[in-house]
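# Architecture and fold: a report
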There are 4 protein chains.
Amino acid sequence: MQTGNNTTGRKRASFIEQARREQVIRAAAETVAQVGYANASLSRIAEQAGISKSVISYHFAGKDELMVLVAQQFIDASAEFMFARVEAEPTATGQVSAWISGQVEYYAAHRTGFLAMISIITNHRSADGSNPFTGQLDEEVDEFARLLQRGQRDGEFRAFDPRSTAVIILRSTEALISAWVMDESLDLTDQMGTLLDFVHHAIRRENR
Amino acid sequence: MQTGNNTTGRKRASFIEQARREQVIRAAAETVAQVGYANASLSRIAEQAGISKSVISYHFAGKDELMVLVAQQFIDASAEFMFARVEAEPTATGQVSAWISGQVEYYAAHRTGFLAMISIITNHRSADGSNPFTGQLDEEVDEFARLLQRGQRDGEFRAFDPRSTAVIILRSTEALISAWVMDESLDLTDQMGTLLDFVHHAIRRENR
Amino acid sequence: MQTGNNTTGRKRASFIEQARREQVIRAAAETVAQVGYANASLSRIAEQAGISKSVISYHFAGKDELMVLVAQQFIDASAEFMFARVEAEPTATGQVSAWISGQVEYYAAHRTGFLAMISIITNHRSADGSNPFTGQLDEEVDEFARLLQRGQRDGEFRAFDPRSTAVIILRSTEALISAWVMDESLDLTDQMGTLLDFVHHAIRRENR
Amino acid sequence: MQTGNNTTGRKRASFIEQARREQVIRAAAETVAQVGYANASLSRIAEQAGISKSVISYHFAGKDELMVLVAQQFIDASAEFMFARVEAEPTATGQVSAWISGQVEYYAAHRTGFLAMISIITNHRSADGSNPFTGQLDEEVDEFARLLQRGQRDGEFRAFDPRSTAVIILRSTEALISAWVMDESLDLTDQMGTLLDFVHHAIRRENR
DNA sequence: AATGAATGAGTTTTCATTCAT
DNA sequence: TATGAATGAAAACTCATTCAT
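Nothing here was measured: the structure is a model prediction, and the numbers come from that model. (Residues numbered from 1 in each chain as written. Chains lettered and ligands numbered in written order. Predicted model: local features only at pLDDT ≥ 70, side-chain atom pairs only at ≥ 80, totals over all residues. Heavy atoms only, no water.)

### A look at the nonpolar core
- Formed by 134 residues in total, the largest nonpolar core has its most connected members in Ile203 of chain A together with Ile203 of chain B.
- At 11 residues, the largest contribution of residues to this core is made by helix 8 (residues 162-182) of chain A.
- Dropping the residues within four chain positions of it, Ile203 of chain B is found in contact with Phe198 of chain A together with Val96, Leu148, Glu156, Phe157, Arg158, Phe160, Thr165 and Ile169 of chain B. (Core = buried A, V, L, I, M, F, W, Y, C linked by side-chain atoms within 4.5 Å. Buried < 20%, exposed > 50% of the residue type's maximum accessible area, 1.4 Å probe, protein only. Helix = DSSP H or I, 4+ residues; strand = E, 2+ residues; numbered from the N terminus. Contact = heavy atoms within 4.5 Å.)

### What to know about the arrangement of the chains
- Separated throughout, chain B and chain C approach each other most closely at a C-alpha pair spaced 30 Å apart.
- Taking C-alpha atoms only, the smallest gap left between chain A and chain D, which are not in contact, amounts to 16 Å.

### Here's the deal with the UniProt feature "DNA-binding region" (unreviewed entry) in chain A
- The feature "DNA-binding region" (unreviewed entry), as given by UniProt, occupies residues 41-60 of chain A in the numbering adopted here.
- Helix and strand shares over residues 41-60 of chain A are 75% and 0% respectively, and the end C-alpha atoms of the span are 14 Å apart. (UniProt positions renumbered as here; feature names shortened; annotations may be inferred.)

### Some remarks on the protein's contact with DNA strand F
- Close to DNA strand F lie 35 residues; Val55 of chain B, Lys63 of chain C together with Ser14, Arg20 and His59 of chain D are nearest.
- Per the 4 Å cut-off to the protein, sugar and phosphate atoms form 57% of the nearby atoms of DNA strand F.
- At 2.9 Å from a phosphate oxygen of DNA strand F is found a main-chain nitrogen or oxygen belonging to Leu42 of chain A.
- In this structure, Ser54 of chain B approaches DNA strand F through a side-chain N or O atom, which is 3.0 Å from a base oxygen.
- At the level of secondary structure, the elements contributing two or more residues to the surface near DNA strand F comprise helix 2 (42-49) and helix 3 (53-59) of chain A, helix 1 (15-35) and helix 3 (53-59) of chain B, helix 2 (42-49) and helix 3 (53-59) of chain C together with helix 1 (15-35) and helix 3 (53-59) of chain D.
- Top contributing element to the surface near DNA strand F by residue count: helix 3 of chain B, with five residues.
- Partitioned by chemical class, the residues of the surface near DNA strand F number nine nonpolar, 18 polar and eight charged. (Near = heavy atom within 4 Å. Polar contact = N/O pair within 3.5 Å; in protein donor to acceptor, adjacent residues only side chain to side chain. Nonpolar A, V, L, I, M, F, W, Y, C, P; charged D, E, K, R; others polar.)

### What about the relation of the copies chain A and chain B?
- Placing chain A over chain B gives an RMSD of 0.2 Å and needs a rotation angle of 179°, together with 0.0 Å of translation along the axis. Accordingly, the operation relating the two chain copies is best matched by a two-fold axis. When each C-alpha of chain A is compared by its distance to the rotation axis, Ala202 of chain A comes out closest, at 2.0 Å.
- Taken as a fraction of all interface residues of chain A, those also at the interface in chain B reach 100%, which identifies the copy contact as same-surface. (Least-squares fit on C-alpha atoms with pLDDT ≥ 70 in both.)

### Brief notes about the UniProt feature "domain: HTH tetR-type" (unreviewed entry) in chain A
- The residues that UniProt annotates with the feature "domain: HTH tetR-type" (unreviewed entry) are residues 18-78 of chain A.
- Helix makes up 80% of residues 18-78 of chain A and strand makes up 0%, while its end C-alpha atoms are separated by 21 Å.

### Digging into the protein's contact with DNA strand E
- In the vicinity of DNA strand E, 35 residues are found, and the nearest of them are Ser14, Val55 and His59 of chain A, Lys63 of chain B together with Val55 of chain C.
- For DNA strand E, the fraction of atoms within 4 Å of the protein that belong to sugar or phosphate moieties is 58%.
- In the environment of DNA strand E, a phosphate oxygen lies 3.3 Å from a nitrogen or oxygen atom belonging to the backbone of Glu17 of chain A.
- For DNA strand E, a phosphate oxygen lies 2.9 Å from a polar atom in the side chain of Lys63 of chain D.
- Contributing elements (two or more residues each) for the surface near DNA strand E: helix 1 (15-35) and helix 3 of chain A, helix 3 of chain B, helix 1 (15-35) and helix 3 of chain C together with helix 2 (42-49) and helix 3 of chain D.
- Top contributing element to the surface near DNA strand E by residue count: helix 3 of chain C, with five residues.
- A class-by-class count of the residues in the surface near DNA strand E yields 10 nonpolar, 17 polar and eight charged.

### Concerning the interface of chain A and chain B
- Between chain A and chain B, the residue contacts involve 33 residues of the former and 34 residues of the latter.
- The interface formed by chain A and chain B holds two salt bridges in total.
- Arg158 of chain B serves as the salt-bridge partner of Asp197 of chain A, at 2.7 Å between the closest nitrogen and oxygen.
- Taken together, the connections running from chain A to chain B amount to eight residue pairs in polar contact (both at pLDDT 80 or more).
- Elements with a contribution of two residues or more to the side of chain A that touches chain B: helix 1, helix 6 (111-123), helix 8 and helix 9 (188-203) of chain A. (Salt bridge = Lys/Arg side-chain N within 4 Å of Asp/Glu carboxyl O.)

Written out as structure tokens, the structure is:
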């Protein structure tokens, strides 16, 4: 794979090439989930995938590209899943529930990817020392804040600061999954019920 | 001082010894906060402290001990600060507010330590691959859950699952600080007001 | 075409085969001229040629053969050009001028090839660690020394050691081109005039 | 060696530190002289010095610094030796001879260093792809050109372009040593005599 | 005739730790 | 008590080459 192994604008990636890339991405996610970002070396990832170290270098520009890809693919897939649910709901109240439950269900169904994504998002730095995901996370918060605002405008939600509330709700959702992920004996359905209940009590108009 | 430089059970640690250890711990916290757990090498920490690398190895059993100590000291100090506030409150409602605001205020006043603590807690693994902080975090949640239960028993809070609610509230608090820490232009007092408002709306008895 | 792709003794090398080989040789020369012998990897050469890396391995026994060929082709071509000029001159004096000016003009007209040749000649080692070009360079010097001797015999040149003088003149010529190649703002015609003048003053009989 | 291992501005380099650096520099020169710039890896240099690879990284910022140092030290030492001789001569004619013979003698007495220096100067590239020695080489040529000009002004030398003549003479000197270095059976004193004779015939005033 | 894929050997560099002083 | 020096292990990455297709 000499040319064009950049993420965007790939044309004519062979089937085998695509399969290998996905195999490596999967192995990388598993490794990061297992041993943490700091200990996820290319050696370990290669071992996890059952391939030689240099195969990774062959298919990816570098560790950087690989890590970003692992996180990005998961973020994109989970967003797609979640937005489909959100759009199906007519009211802001319903959309908030759909957002949270969509997120939770997708995360729960993809434990490894979720763990890897969290680890990468919080630890990865670009060559210049900056975090390449901050922009996206901000956008996610903005989007959710807009949803809350809509609910306020429509009289479904009470008055509160939409942006900091968005931060609170979204991080709470992640926190709940993190708790479950560490201790799978917890009943996730119950947990999510509690969260939805909690959130709706917090934001709905008082005199409903 | 080659042996027995463990944290607990130290007797007769000389003044100079203690001073050096604290200097190193401070430098380690600053380094982790700046470059992240994965990039915080002993070299960088020594450079930050303006001392030689081997000083660290001399005063600490290893990098492991140092990292754990950085996080532990911060956790202990913030807990002490916060519990003092909580104990001063008579009602569960007041204690919840005190817990949250105590946490927020301490974190906000110790930005570097907070960043380092979060980074270490989420990334550090013992030699056996386990996370040495899970136990403590669980205890913290349990303690807060007991507080919530007390509030339910006393009729201040409505019915909900105390433990998952505790997770939600505690992680929300951390999330709020994380957001502020990344963007110090936010008005922290406002943010905290929103959080307290949010939480109390979520847990208080309906017909108060 | 896995076997027998050595330079000499090829029979029935297809047209397409020959074209590919020359394309690769050109790309190799360009790469060496640009980034230097030490940094001229097959990857870079393939990239320069716009072909896949393995094409090179297919058409050449190895990097070794390719590098030798790049230099050899240039040496042969420049020698051919130069000797044609030399043979046209009747006197030793004229032949010395023709040799130098022929060399200079050919080098100047083939900047890339010249740079690559110099880089390869001075850096390339065979598998046994020896330099495969020393013999040829010696022969070149010998040939030029014979020309100088002829001039001495014919009374055109004064007495001096022909071989060391040959070394001096030939390397001076290369040095002049090297200087021009690094700084193309220099007036090459002027420079060459200086060199010819210099050489002839140095070797002609005193009482001419 | 944590801090201050930059080339310039070193203060208080310990004796052992300085000794190690010189040992490594010597080993690096030997290695480059033996196997050529392109094959002189840190592994080979360490092997040559009989030390572990990481000792080099400990004492030098990187391969780059080491290579530059090897060449620079040799250039500085040879220049010092040569200039002392040149300054002792009253006439331009004498200074030209002193320059050439000084150079030749120093190079001949330090064969390894000379070979390494030539190899590094012609091959080494800085991180940005530029050659860090071109400036110095230019200055050397300028300095020699000024000497030639002085000789012209004083009526010792005939008219010619000083700068291109300087290039010719200086590179001829190097070429002569290169030839001797490859074949030590040559009589260097004879060779040098030829060169001096050659040069003086080329530049002196006609009607002396 | 061509090449995508793979790989082991090798590159430079950083790491945490040990040890003599 | 402190540290300069040393080092083996491991890091990310590049290399020339092989091979199945």
